[in-house]
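Structure assessment
Here's the letter readout for the chains.
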Amino acid sequence: MENEIIIDEALYDLGIDGMEPRKKSPVLSAGITALGIILLVLSFTAVKGHPDLASGVMLCGVLITVAGAIRLAMDISGKGKPYYKPTDEFLKRYELMFDPDQKANVLKYVEDGDFESLVDIKPGETSAIKAVIYKTGGNDLAIAQVLQYVPHTYRAAGEIKVFGKGGFIRSAKLC
């Protein structure tokens, strides 16, 4: 299928009003990094005469600084997470894996927007069929697609479906 649309690649091109990529604020990450640096400085100054305590504080400082710096780099350089403006919340991504013999059921439940029944299907021992769902916490918006594994990649097994509070809105087409 030359023109197939995969949900992860086309999420922002579906023409959904109010959906945009938004980065999380780097303030928390910067604070964690600063806390780690403060612990490093304290390990040299405040705990003189207690080498074991200084080593422990230094190790904690290094670990917290590295974790904060990695998180800060991800917050600054990342492309952002899907955000839905009308409800002021981020969309959460869910992946459910199923066996190939469950494909018809999975396609039906995604087509109907029946995600509760989809979750009730026994998880597969393989990841041949994958349902990808992006949804808000209040279920004001849900975007779902079924993918099928073919050697070395996942291909669309169904269209991208967009659901709102009242149910099915439309099958998604690129805008």
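A short tour of the structure in this document, coming up. Keep in mind it's a predicted model, so treat the numbers as computed, not measured.

The helix and strand inventory of the chain stands at 5 helices and 9 strands. Against the 2.2 N^0.38 benchmark of 16 Å for 175 residues, the chain shows a C-alpha radius of gyration of 22 Å, more extended than a compact globule. Here the C-alpha coordinates of the chain stretch approximately 70 × 40 × 30 Å along the principal axes. Sequence-distant contacts in the chain: of pairs separated by 6 or more residues, those separated by 24 or more amount to 64%. Per element, the accessible surface of the chain, about 10,600 Å² overall, is 60% carbon and sulfur.

With that settled, consider the environment of Gly166. Tracing the sequence through the fold places Gly166 in the loop between strand E8 (161–164) and strand E9 (167–171). Look at Gly166 and you get exposed, because its relative accessible area is 86%.

One open sheet accounts for 3 strands, arranged E1-E2-E3; its pairing is antiparallel. Edge positions in the open sheet fall to strand E1 (19–22) and strand E3 (89–90), since each of these has one partner strand only.

Another aspect to go through is the packing of aromatic side chains. Taken as a whole and assessed by the stated rule, the structure comprises 4 aromatic pairs. With centroids separated by 5.5 Å and ring planes inclined at 85°, the aromatic side chains of Phe115 and Phe163 adopt a geometry described as edge-to-face. Separated by 48 residues along the polypeptide, Phe115 in helix H5 (residues 115–120) and Phe163 in strand E8 bring together distant segments of the chain. What makes Phe115 buried here is its relative accessible area of 12%. For Phe163, a relative accessible area of 4% corresponds to the buried category. Ring centres of Tyr149 and Tyr154 lie 5.3 Å apart, and the angle between their planes is 70°; on these two criteria the pair is classed as edge-to-face. What links up through ring pairs into an aromatic cluster is the set Phe115, Phe163 and Phe168. In this structure, Arg22 packs its charged tip against the face of Tyr83, placed 3.7 Å from the ring centre.

Attention shifts here to the pairing of strand E2 (residues 81–84). Bridging between E1 and E2 involves 4 bridges; their strand directions are antiparallel. Among the inter-strand pairings, Met19 is bridged to a residue of E2, identified as Tyr84. Note: E2 against E3, 2 bridges, orientation antiparallel. Counterpart to Tyr84 in the pairing with E3 is Glu89. From the end of E2 to the start of E3, which pair antiparallel, there are 4 residues, and Asp88 there has a positive phi angle of about 55°.

Our next topic: the packing of helix H2 (residues 27–45) against helix H3 (residues 51–77). Relative to each other, H2 and H3 sit at 160°, their axes nearing to 7 Å. The angle between the axes of H2 and H3 places the two elements in the roughly antiparallel class. The interaxial crossing formed by H2 with H3 has left-handed handedness. Class assignment for the residues of the contact of H2 with H3 results in 16 nonpolar, 7 polar and 2 charged.

All right, on to the pattern of salt bridges then. The tally for this structure, following the rule as stated, stands at 9 salt bridges. Notably, a salt bridge pairs Arg22 with Glu20, separated by 3.1 Å at the nearest N-O pair. Assessed through its relative accessible area of 29%, Arg22 is described here as partly exposed. According to the relative accessible area criterion, Glu20 is partly exposed, its value standing at 23%. Overlapping salt bridges bring together Asp8, Arg93, Glu95 and Lys130 as one network.

The rules we used
Residues numbered from 1 in each chain as written. Predicted model: local features only at pLDDT ≥ 70, side-chain atom pairs only at ≥ 80, totals over all residues. Heavy atoms only, no water. Helix = DSSP H or I, 4+ residues; strand = E, 2+ residues; numbered from the N terminus. Rg over C-alpha atoms; globule rule 2.2 N^0.38 Å. Contact = heavy atoms within 4.5 Å. Areas by Shrake-Rupley, 256 points an atom, 1.4 Å probe, with all protein chains shown as cover. Buried < 20%, exposed > 50% of the residue type's maximum accessible area, 1.4 Å probe, protein only. Pairing = 2+ DSSP bridges. Phe/Tyr/Trp six-rings, centres within 6.5 Å; stacked < 30°, edge-to-face > 60°. Lys NZ or Arg CZ within 6 Å of the ring centre and 35° of its normal. Axes fitted to C-alpha atoms, helices over the stretch in contact; angles between N-to-C directions. Parallel < 35°, antiparallel > 145°, perpendicular 65-115°, else oblique. Left-handed = near helix turned anticlockwise from the far one by under 90°. Nonpolar A, V, L, I, M, F, W, Y, C, P; charged D, E, K, R; others polar. Salt bridge = Lys/Arg side-chain N within 4 Å of Asp/Glu carboxyl O.

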